[in-house]
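# Geometric and topological summary
What follows is each chain in one-letter form.
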Amino acid sequence: MFLSGVVATTILFGRAAAAAPAADEEAPVVSRTIEPVEPPPLVPPEALRLDQGTAYMVGRHTLKLGLLAFEFGITEKLSVGTDPPSWAVRAIGKIWIPNLHVKYQFWDRGRLAIAGHVGGYVADISSGDNSGVVFEVPFSALASVICTRHLILHGDVTYVFARAVGNGDLTRATVHGAAAVRALQTGLMAQIPLTRVFSLLALGRVQVYTGDIGFSANTQIDSYTSATLNGTMVPAVQHPWQVVAGGTFLWKHFYLTAGAGYGNFFVPGLEVAVPKRSVVPFLNLAVVL
Amino acid sequence: MRWPEWKWRAALLAGGWLIGAAACGPGKVALPSPPLGTDVAAVNASYQMPTAVLDTSQIDQTYMTVKARLDQLPVDWLPPLVADVLNALQKRLQASGLPDSPAMKDIPSGAKVTSVLEVKRICNGWNGSSTPDEAADGSITATALVEEGVLQPVAWATAQQCQEQVMPSSASSALNQALTVNGSLDGSLEFYLLGQLPDATNGADALVAFAGTASVGGQTGSASFDMQLSDDFVKFKVSTDSAGDYVVVTLMGATLQIDGANAGFSCDIGSATCAQNR
């Protein structure tokens, strides 16, 4: 992990030339090895357990069961998981969204950590005789920087790719007005460690670019009638945003994050924004095994 | 520590894929224009303002002019054909959760859809064949547009040697009591939708402008006309003089309502008698 550089130095001590003994004398050589020194961490290591939406990882062979993500660390730098909120959309949106994501940490040296996160979501929008699916693939580049002992910044840039295939009911691909479309988002979270396990959080997120979702479908209505539908769909709000504040406890086996804010709610993982602005909840519970 | 080369390659690959995905997204859908280019909204509005001044003492002569025009128009079989074509559009729009009426200002999700819907229907033919045969019976292709979540009132269809055996509309029951009519259509139809697209139980509620060739019972002729269709009536315009002044005629079963700028008459087709009612 960060600041885990080990200093191992061997210093050779010799007498100064001026004080050197006669040439026929063997110069005594003193060899001493200095034990590796672990510099004190700038921030409590527990603060770096915050892996949701940051460049930090859940850890090798670690299973995290959380409200926002189930995550398993295959290695120290690679984890896979799935997002329960997208599965839970079934409860309100009558639509299944099976999903999987992979996170890989490219860099973790000194104060900087960089990771990539790719998700894959499939929404079945079939209804009646019409069948179709919407694919959504969010790519995120995540960076975490330890600025001072009391400030860690986590930034991300996310591109969401979406495409509809088939002739299903497109409105089923939306949940409370949130539609999967091509989009570019960026977010910044400030983490302020106050104690070993508790940090204050403040985050903002904005969708800087909103594209559309294209669809094309050919349907045979009956033996005499065929239909071709081509089009695009864009969400009602072009630049959704949110600002949220809260706090997080990062105990060894249990994480609790809670807070609230205002703006457009971004469905975690899917990163699609609900058009209506309102109070945004910020809650995550996770058990780490 | 030096980053292994494979990591750089993987990062570059991922970055390239990302940029490619961003660049290769679907473009905006291009909305086509109707083939006739008729201002159907203006034509529809003209039905509210008949310009001919009726000579109430000469209404019989006006009636004869109207009846002659009525006999030329396919008021018996075109409305059911139009309703059938518009119903195919309605089914497809509904299946995708898109609005099927210009009055619906948005789809429930709030998302904005822009789309082009084309429905191609192979015509039934005159022989009652149960298998579609486009080469023999022709086809009709209808187009509807949804722009930013709103069904556009202007739609159109192109008929190519379309031969249909249709049941006459209820509005024309006094004119044609045959069980079926053999009609043929070759040309362009332009619609101005006045309400919801017809479902299985309702007729069309639209203005129709046609240019092309229409035939019924083997009699073919070039035609250019417009009519306003509803569940219960068919309206059309009849010029009463060389200046282009016109009356608006409403056909409802056995009754013709003739409206001019100054007066209106209700005429019984069976007895060919008219009575002033406005």
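A quick note: this is a predicted structure, and the numbers were derived from the prediction, not measured.

With that out of the way, let us pick up the overall build of chain B. Counting its regular elements, chain B contains 5 helices and 12 strands. A total of 278 residues make up chain B; the buried ones form 42% of that total. In chain B, once contacts between residues fewer than 6 apart in sequence are set aside, the share between residues at least 24 apart is 62%.

On to the overall build of chain A. Counting secondary structure elements, chain A contains 2 helices and 18 strands. Each of the 289 residues in chain A was classed as buried or not, and the buried ones make up 39%. Relative to all contacts within chain A whose residues are 6 or more apart in sequence, the contacts with residues 24 or more apart total 56%.

With that out of the way, let us pick up the nonpolar core. If you look at the biggest cluster of nonpolar residues, it comprises 93 residues, and the most contacted ones within it are Val 82, Leu 89, Ala 142, Phe 191, Ala 206 and Val 208 of chain B. A total of 9 residues in this core trace back to one element, the largest contributor, which is helix 4 (residues 78-95) of chain B. Non-local contacts of Ala 142 of chain B, meaning those with residues more than four positions away in its chain, are made with Val 85, Ala 88, Leu 89, Val 119, Ala 155 and Ala 157 of chain B. Core analysis: the next-biggest nonpolar cluster, separate from the first, contains 19 residues, Val 58, Leu 142, Ile 152 and Ala 286 of chain A among them.

The next subject is the confidence of the model for chain B. Detailed reading of predicted coordinates is not advised where the pLDDT is low. Of all residues in chain B, 84% have pLDDT values of 70 or greater, and the mean over the chain is 84. Here the complex is predicted with pTM 0.69, and the ipTM for its interfaces comes to 0.81.

The periodicity of an α-helix, 3.6 residues per turn, causes residues three or four positions apart to be oriented the same way. Look at helix 4 of chain B: 26 Å from first C-alpha to last across 18 residues, which is about the 26 Å you get at 1.5 Å a residue. Counting buried positions along helix 4 of chain B yields 16 of 18 residues, so the element is predominantly enclosed.

Residues and elements named next belong to chain A. Where burial is concerned, the two faces of strand 7 (residues 112-124) differ: the one with Ala 113, Ala 115, His 117, Gly 119, Tyr 121 and Ala 123 is buried and the one with Leu 112, Ile 114, Gly 116, Val 118, Gly 120, Val 122 and Asp 124 is not. Where strand 6 (residues 99-109) meets strand 7, 10 bridges bridge the pair, whose relative direction is antiparallel. When the sheet's bridge partners are listed, Arg 109 is paired in strand 7 with Leu 112. Where strand 6 folds back onto strand 7 in an antiparallel hairpin, the turn is made up of 2 residues, including Gly 110, whose phi is positive at roughly 60 degrees. Here strand 7 runs beside strand 8 (residues 132-148); their pairing, made up of 11 bridges, is antiparallel. Pairing of His 117 across the sheet is with Ser 140, part of strand 8.

Residues and elements named next belong to chain B. Turning to its location among the elements, Met 104 is positioned in the loop between helix 4 and strand 1 (112-122). You can call Met 104 partly exposed: it has 16 C-beta atoms within 10 Å. Between the C-alpha atom of Met 104 and that of Leu 151, which follows or precedes it by 47 residues, the distance is 7.5 Å.

The next thing to look at is the pairing of strand 4 (residues 154-166) of chain B. Residues and elements named next belong to chain B. Of the strand pairs in this sheet, strand 2 (residues 139-147) and strand 4 are connected by 5 bridges, and their pairing is antiparallel. For Thr 141, the partnering residue across the bridge sits in strand 4 and is Thr 158. Here strand 4 pairs with strand 5 (residues 181-193) via 11 bridges, running antiparallel. Bridging across to strand 5, Gln 165 finds its partner in Asn 182.

This brings us to helix 3 (residues 59-72) of chain B. All names here are of chain B. Over its 14 residues, helix 3 runs 20 Å from end to end, which matches the ideal 20 Å to within 8%, given 1.5 Å per residue. All of the buried residues along helix 3 are Ile 59, Thr 62 and Val 66. Buried residues of helix 3, seen end-on, are gathered within an arc of 60 degrees and therefore sit on one face of the element. When the buried face of helix 3 is taken as reference, the exposed residues oriented beyond 90 degrees from it are Asp 60, Gln 61, Met 64, Ala 68 and Asp 71. For helix 3, the secondary structure elements touched by its buried residues are strand 8 (234-239), strand 9 (246-252), strand 10 (255-259), strand 11 (264-268) and strand 12 (273-276).

On to the confidence of the model for chain A, then. Confidence in the prediction for chain A averages 82 pLDDT; 82% of positions are at 70 or higher. Considering only residues more than four positions removed or in separate chains, one finds that residues 1-23 of chain A, a stretch of pLDDT under 50, has 29 contacts.

With that out of the way, let us pick up unusual backbone geometry. Phi angles above zero are rare outside glycine, and His 61 of chain A is one such case at about 55 degrees. Positionally, His 61 of chain A belongs in the loop between strand 2 (30-33) and strand 3 (63-66). A tally of 11 C-beta atoms within 10 Å means that His 61 of chain A is categorised as exposed. Unusually for a residue other than glycine, Gln 161 of chain B sits at a positive phi of about 45 degrees. Examined against the element boundaries, Gln 161 of chain B turns out to sit in strand 4.

A few words now on the environment of Ala 157 of chain B. Residue and element names in this part refer to chain B. Of note, Ala 157 is situated in strand 4. With 30 C-beta atoms packed within 10 Å, Ala 157 lands in the buried category. Linking Ala 157 and Gly 187, residues 30 residues apart in sequence, is a C-alpha distance of 8.6 Å. Among all residues touching Ala 157, those that are not within four sequence positions of it are Val 85, Ile 140, Thr 141, Ala 142 and Leu 189.

The next thing to look at is the environment of Lys 252 of chain A. Examined against the element boundaries, Lys 252 of chain A turns out to sit in the loop between strand 16 (241-250) and strand 17 (254-266). The exposed category is assigned to Lys 252 of chain A, around which 9 C-beta atoms lie within 10 Å.

Rules and cut-offs
- Residues numbered from 1 in each chain as written.
- Chains lettered and ligands numbered in written order.
- Predicted model: local features only at pLDDT ≥ 70, side-chain atom pairs only at ≥ 80, totals over all residues.
- Helix = DSSP H or I, 4+ residues; strand = E, 2+ residues; numbered from the N terminus.
- Buried ≥ 20, exposed ≤ 12 C-beta atoms within 10 Å, placed from the backbone.
- Contact = placed C-beta atoms within 7 Å.
- Core = buried A, V, L, I, M, F, W, Y, C linked by C-beta atoms within 7 Å.
- pLDDT = per-residue confidence, 0-100.
- Expected span 1.5 Å × (residues − 1).
- Pairing = 2+ DSSP bridges.
- Arc of directions from axis to C-beta.

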